[in-house]
Amino acid sequence: MNDSPHACAFDAVRGFLGQVFTTAEGESLETVAGLKLSFTQARLVFALAHHDHPVAIGDLAEAVGLSAASAGRNVEQLVRKKLLVRTENPEDRRVKLVAVTDRGRSLAQSHLKSKEDAVRTLLDDLDTAQCLALVEALKPLSKEEPDVSQSS
């Protein structure tokens, strides 16, 4: 059987990401479980952590694929857990805005750091030539050009 280059690339990326997520999820999921967050609540916190300004609950709901009512119920629980803060839009008091608190941002950063640490662990087994080859291979998928001129 002759797989296409795209199928082979997909299998390689899926395998790599599977290793990253398997390595990283244990620690980050323990933190989420310790706070008794649902998957939906964690998604809301992680989505808001990417914003440096308050977001309308309706826009947040749309971004994560929830109804406004469901997002509102989950936001209420996250406000009680002090992971989010809710305010009124000063331009339209009917619109409720939500932002991540320092505690929520810390949770999201911890989750991201566990994934970054997992990637670093996997990359530690590569030599310099393999790392540079990986950088070149990933360039078509990346929006940013990594600086490989500095060796660590």
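As the structure is a computational prediction, the values presented were derived from the model and not from experiment.

Participant: Help me understand the overall build of the protein chain, please; the structure alone is not making it clear to me.
Facilitator: Secondary structure assignment for the protein chain yields six helices and three strands. In the protein chain, the succession of α and β elements from N to C terminus is α-α-β-α-α-β-β-α-α. Computed over its C-alpha atoms, the radius of gyration of the protein chain comes to 19 Å, more than 25% above the 15 Å expected for a compact globule of 152 residues. Once the C-alpha set of the protein chain is aligned to its principal axes, its extents read approximately 55 × 35 × 30 Å. Relative to its full complement of 152 residues, the protein chain shows a buried share of 26%. Intrachain contacts of the protein chain at a sequence separation of at least 6 include 53% that bridge at least 24 residues. On the protein chain, roughly 10,700 Å² of surface is accessible, and the fraction owed to carbon and sulfur atoms is 55%. With 18 positive and 22 negative side-chain charges, the protein chain shows a separation of 13 Å between the mean positions of the two kinds.

Participant: Looking at this structure, I do not really get the confidence of the model for the protein chain. What am I missing?
Facilitator: Per-residue confidence for the protein chain averages 86 on the pLDDT scale, and 90% of its residues sit at or above 70. Within the protein chain, the element-level pLDDT minimum falls on helix α1 (residues 5-34), averaging 80, and the maximum on helix α4 (residues 68-80), averaging 96.

Participant: I tried to follow the environment of glutamate 91 on my own but got confused; where do I start?
Facilitator: Along the chain, glutamate 91 turns up in the loop between β2 (84-89) and β3 (92-100). For glutamate 91 and histidine 6, which are 85 residues apart along the polypeptide, the C-alpha to C-alpha distance reads 49 Å.

Participant: Help me understand helix α3 (residues 57-64) in this model?
Facilitator: Owing to its 3.6 residues per turn, the α-helix brings residues three or four apart onto one side. When we look at burial in α3, the residues that qualify are Ile57, Leu60, Ala61 and Val64. All buried residues of α3 lie within an arc of 100° about the axis, which places them on one face of the element. Facing away from the buried surface of α3 by more than 90 degrees, the exposed residues are Glu62 and Ala63. Structurally, α3 contributes buried residues whose contacts are with α2 (39-48), β1 (55-56), α4, β2 and β3. Just past α3, the residue glycine 65 takes up positive phi, approximately 80°.

Participant: Looking at this structure, I do not really get the sheet that holds β3. What am I missing?
Facilitator: In a beta sheet, neighbouring strands are held together by backbone hydrogen bonds and run either parallel or antiparallel to one another. Taken in spatial order, the three strands of this open sheet run β1-β3-β2, and their pairing is antiparallel. Strands at the two margins of the open sheet, each flanked by one partner only, are β1 and β2. Both β2 and β3 contribute to a ladder of six bridges, which runs antiparallel. Following the sheet pairing, glutamate 88 is matched in β3 by lysine 96.

Participant: Mind showing me how you'd approach unusual backbone geometry here?
Facilitator: Excluding glycine, residues mostly carry a negative phi; peptide bonds, for their part, are mostly trans. Positive phi is not limited to glycine here, since lysine 82 has a value of about 65°. Residue placement: lysine 82 occurs in the loop between α4 and β2. Overall, the relative accessible area of 58% leaves lysine 82 in the exposed class.

Participant: What is the right way to look at the packing of α2 against α4 in this model?
Facilitator: A pair of packed helices can be characterised by two numbers: the angle between their axes and the separation between those axes. Interhelical geometry of α2 versus α4 gives an angle of 80° and a closest axis separation of 10 Å. Looking at the two axes, α2 sits roughly perpendicular to α4. Between α2 and α4, the contacting residues are Thr40, Gln41, Leu44 and Val45 on the first element and Ala71, Asn74, Gln77 and Leu78 on the second. Its residues assigned to classes, the contact of α2 with α4 shows four nonpolar, four polar and no charged.

Rules used in this analysis
Residues numbered from 1 in each chain as written. Predicted model: local features only at pLDDT ≥ 70, side-chain atom pairs only at ≥ 80, totals over all residues. Heavy atoms only, no water. Helix = DSSP H or I, 4+ residues; strand = E, 2+ residues; numbered from the N terminus. Rg over C-alpha atoms; globule rule 2.2 N^0.38 Å. Buried < 20%, exposed > 50% of the residue type's maximum accessible area, 1.4 Å probe, protein only. Contact = heavy atoms within 4.5 Å. Areas by Shrake-Rupley, 256 points an atom, 1.4 Å probe, with all protein chains shown as cover. Lys, Arg positive; Asp, Glu negative; His and termini not counted. Charge placed at Lys NZ, Arg CZ, Asp CG, Glu CD. pLDDT = per-residue confidence, 0-100. Arc of directions from axis to C-beta. Pairing = 2+ DSSP bridges. Axes fitted to C-alpha atoms, helices over the stretch in contact; angles between N-to-C directions. Parallel < 35°, antiparallel > 145°, perpendicular 65-115°, else oblique. Nonpolar A, V, L, I, M, F, W, Y, C, P; charged D, E, K, R; others polar.

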